[in-house]
Amino acid sequence: MDLRAVFLRFSNEETKKFKLFLKEQSKRPDQKNVELFGLLKDAKVNLKQIPELLYGKDNKNAYHALRKRLLDSFIQFKSKELISKEISEELEVTKLLVVARGLFQQQLYNQGDELLRKAEIKAEELGSYLLLNEVYHVMIEYNSFTNTELGEIMDKSEKNLHLLINEEKLNKIYALIKNYYKDASQPAYQSFDELQAELFAKYEVSDDIRYSYRIVYQLAQMAHAFAIATKDYLSIERFVINNYNQIKSTAPKTLNEQYYKLQILYIIANIYFRKKSFDQSLATLDELHVILKKTHKLEQHFRPLWSCLYSLNLNYQGKHEEAKNILLALISQKVSYETFAMLDVYLCLVVYEFQQENFKEAKKRLARFYHTDSWYIKQADIEWVIKRNLIEILTFIELDDYDYVTSKVKHFERKYIPYLKETNKDRVVQFFNVIKTVYLKEENPSSPEFKELIELGFNWKIPIREDIFEISFYAWLKAKMEQEPLYTTTLKLVNKTSLE
C-alpha cells in the first residue's frame, strides 16, 4: 500500500489523533513509528532516504518491519474511527444479528426473534439489501422456533435477493462504462441511452428497480462516467433528472442517505454547468448548500466541491472577480480539505489568472504544483494532469520562455499523446499540434492561412454539444486569430454554444 498517498490526505485533526494513537500503542521509548509517520507525511522527503534518516544507515529489514507495523496501526486506527462514526450504522445491524443468533443458540427464541425484527427495520432504513439478505437468512434458519409465517419470510427474501442482484449488476455496469472509452477499439461515440440499454439488456437488469438514494447515485454515476469520457453532458441530463425525481420527495433518514443525495445534486449541478445552463447549475448548488449547512459531518468533503463549481459558474457568466474571491476565501480558511478537491480549486485560480491575461500571476500559482505528475495522477486523475500541463504550456508560451515550452512540449508528447490517442481524445491531440505550430514553428495565428488551417483541422460538433473546457482552450486560439482579449473571446464562444 502507498502509505504516503494515504497520509497526505489526512486532515490536521486526523494527523493529531493518529500520532496520539501511535504513542499510546507503542511500547518502545524511541517512538520510531511516530517518526516514520512524520517522514511519510512530508512529501518533500525522498522515500529511498527514509531508512537512513530513521536508523543512521540503510537498514531496509528494520524499515520494512516498522512500515508493516505502521500499516497495521493505520488499519486499526481507521477501522476504529469509521466504526465510531454515524456513517457506519451498518455495524448496528451486524451487532443485532450476532446477538440474535447467539440468543437462538441458547434457545431464547422470542428474544432472538425480537432482535432480528429490529435488525430488519434498521437494514430497511439503511436501504442495505446485503444486510437484509443476512437477516432473512437467519430468520429462515430459525423459523421453526418462531411464530413468523415461513412463506412471508421466503417471499421477502426472494424480493430482496432480486434487488441485491440488480444492485450488483448496476455496480458492474458502472465499472464497464468507466472503462468503455479506454479501449480504442470501441466506437468513438455512442449515445448514453444506446449504451445503457445495451448493457442493461446484456446483464439483464430488470425495470423494477426499487429507488433509493444509493441506487439513484449509482445510476447518476454511470451516466456521469459516460459524460466524462465523451464530453456529452447533454444526452445524460434526462436520465439523471428522471431518476432523481423518483426519490427526491423522500427525506434522507441517515447520514449515508444524506451523503448520496448531496452527491446526486452535485452531479446534476455539474451536468448543468458542463452544458452551459449556468442558472440551473447555481440553483441546484443553492439547494445543495442548504442541506450542507445542516450536515456539518459532510462539510469537509463537499465544501471545496461546492465552492469550485459555484465559482466556475460565476466565472463563465462574466463575474470573474466574484468567482476568484469565492476560492480565495476557501483557501484562507484554516481547514484541511481533501486533496483531490483542493487541486481543482488551485487549478481554477490558475485558469482565472490566465483568462485575465495575468500570466505572471498564473505562473506563481502554477509553482505550487511541485509534485511529480505521477503523484497528481494518484491524487486526482490523468485528465486533471493533462489539463494542468496544457495550461502550463500556454502560460509559458505567453511569457515567451522558449526553452521551458520546448521541454514541456516534448514531455507532454512523450507521456500523454499515446494515452490521448488510445482513448480517442483526438480533439486534445489536435489542439496540442496547433500549439506546436503556433509557437515552435512561429506561425502567425491571425493570418488567413492559419485561420483556414484551424477551421479544417478541428472536427466540431454542433455548438450546443461543445464541452465548456474544450471551448476554453480553443478560445486561446480564437483570441489570437481575432486579436481580442482572451476572456472576452471565451465568453463569446460560451454564450454562442449555450442553451440559455
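Residues numbered from 1 in each chain as written. Predicted model: local features only at pLDDT ≥ 70, side-chain atom pairs only at ≥ 80, totals over all residues. Heavy atoms only, no water.

Trainee: Lay out the overall build of the protein in plain terms, naming residues and giving numbers.
Mentor: For the protein, the count of helices and strands is 26 helices and zero strands. Expressed as a percentage of its 500 residues, the buried residues of the protein come to 52%. In the protein, once contacts between residues fewer than 6 apart in sequence are set aside, the share between residues at least 24 apart is 66%. Accessible surface for the protein amounts to roughly 25,200 Å². Of this, 52% is attributable to carbon and sulfur atoms. A gap of 6 Å separates the mean positions of the 73 positive and 71 negative side-chain charges of the protein. (Helix = DSSP H or I, 4+ residues; strand = E, 2+ residues; numbered from the N terminus. Buried < 20%, exposed > 50% of the residue type's maximum accessible area, 1.4 Å probe, protein only. Contact = heavy atoms within 4.5 Å. Areas by Shrake-Rupley, 256 points an atom, 1.4 Å probe, with all protein chains shown as cover. Lys, Arg positive; Asp, Glu negative; His and termini not counted. Charge placed at Lys NZ, Arg CZ, Asp CG, Glu CD.)

Trainee: Account for the nonpolar core, with residues named and values stated.
Mentor: Nonpolar side chains tend toward joint burial in soluble globular proteins. In terms of nonpolar packing, the biggest core is built from 119 residues, with Ile 177, Phe 369, Phe 412 and Trp 476 touching the most fellow members. When residues in this core are grouped by element, the largest group, 12 residues, is from helix H13 (residues 255–274). In terms of nonpolar packing, the next biggest core, distinct from the first, is built from 20 residues, Phe 10, Leu 36, Leu 39 and Val 45 among them. (Core = buried A, V, L, I, M, F, W, Y, C linked by side-chain atoms within 4.5 Å.)

Trainee: Describe the pattern of salt bridges, and please don't skip the residues or the numbers.
Mentor: Considering all chains together, one arrives at 21 salt bridges under this definition. For the salt bridge of Lys 156 with Glu 152, the shortest nitrogen-to-oxygen distance reads 3.8 Å. Note that Lys 156 and Glu 152 are positioned in helix H9 (residues 150–180) at a spacing of four residues, about one turn of the helix. A cluster of three or more residues bridged by salt bridges with shared partners is formed by Asp 373, Arg 388, Glu 392 and Lys 408. (Salt bridge = Lys/Arg side-chain N within 4 Å of Asp/Glu carboxyl O.)

Trainee: Any chance you could break down the confidence of the model for the protein for me, citing the residues and the numbers?
Mentor: Mean pLDDT over the protein: 83, with 90% of residues reaching 70 or higher. Within the protein, no element has a lower average pLDDT than helix H24 (residues 448–457), which sits at 68, and none a higher one than helix H18 (residues 359–366), at 95. (pLDDT = per-residue confidence, 0-100.)

Trainee: An account of the packing of aromatic side chains is needed here, citing residue identities and associated values.
Mentor: If you walk through the whole model with that rule in mind, you get 27 aromatic pairs. A centroid spacing of 5.9 Å and a plane angle of 90° characterise the contact between Phe 369 and Tyr 376, whose relative ring orientation is edge-to-face. Residue classification places Tyr 376 among the buried positions, given a relative accessible area of 1%. Both rings, one in Phe 431 and one in Phe 473, keep their centres 5.6 Å apart while their planes meet at 55°; by these two values the pair is tilted. Here Phe 431 is found in helix H23 (residues 426–439), whereas its partner Phe 473 is found in helix H25 (residues 468–482), with 42 residues between them in sequence. The exposure class of Phe 431 is buried, given its relative accessible area of 5%. Of the residues examined, Phe 473 reaches a relative accessible area of 17% and is grouped as buried. Linked through ring pairs, Phe 7, Phe 18, Phe 21, Phe 37 and Phe 74 together constitute an aromatic cluster. Over the aromatic face of Trp 306 sits the side chain of Arg 303, whose NZ or CZ is 5.4 Å from the ring centroid. (Phe/Tyr/Trp six-rings, centres within 6.5 Å; stacked < 30°, edge-to-face > 60°. Lys NZ or Arg CZ within 6 Å of the ring centre and 35° of its normal.)

Trainee: Tell me what's going on with the side chain of Arg 388, and back it up with residues and numbers.
Mentor: If you trace the backbone, Arg 388 turns up in helix H20 (residues 382–398). Arg 388 gets classed as buried once you look at its relative accessible area, which sits at 4%. If we skip the residues at most four places from it in the chain, Arg 388 touches Leu 347, Leu 366, Phe 369, Asp 373 and Tyr 376.

Trainee: Before we move on, can you summarise unusual backbone geometry with the specific residues and values?
Mentor: Positive phi is not limited to glycine here, since Glu 204 has a value of about 55°. Relative to the helices and strands, Glu 204 is located in the loop between helix H10 (192–202) and helix H11 (213–230). Residue Glu 204 is classed as exposed on the basis of its relative accessible area, which comes to 62%. Phi angles above zero are rare outside glycine, and Glu 357 is one such case at about 65°. Along the chain, Glu 357 turns up in the loop between helix H17 (339–355) and H18.

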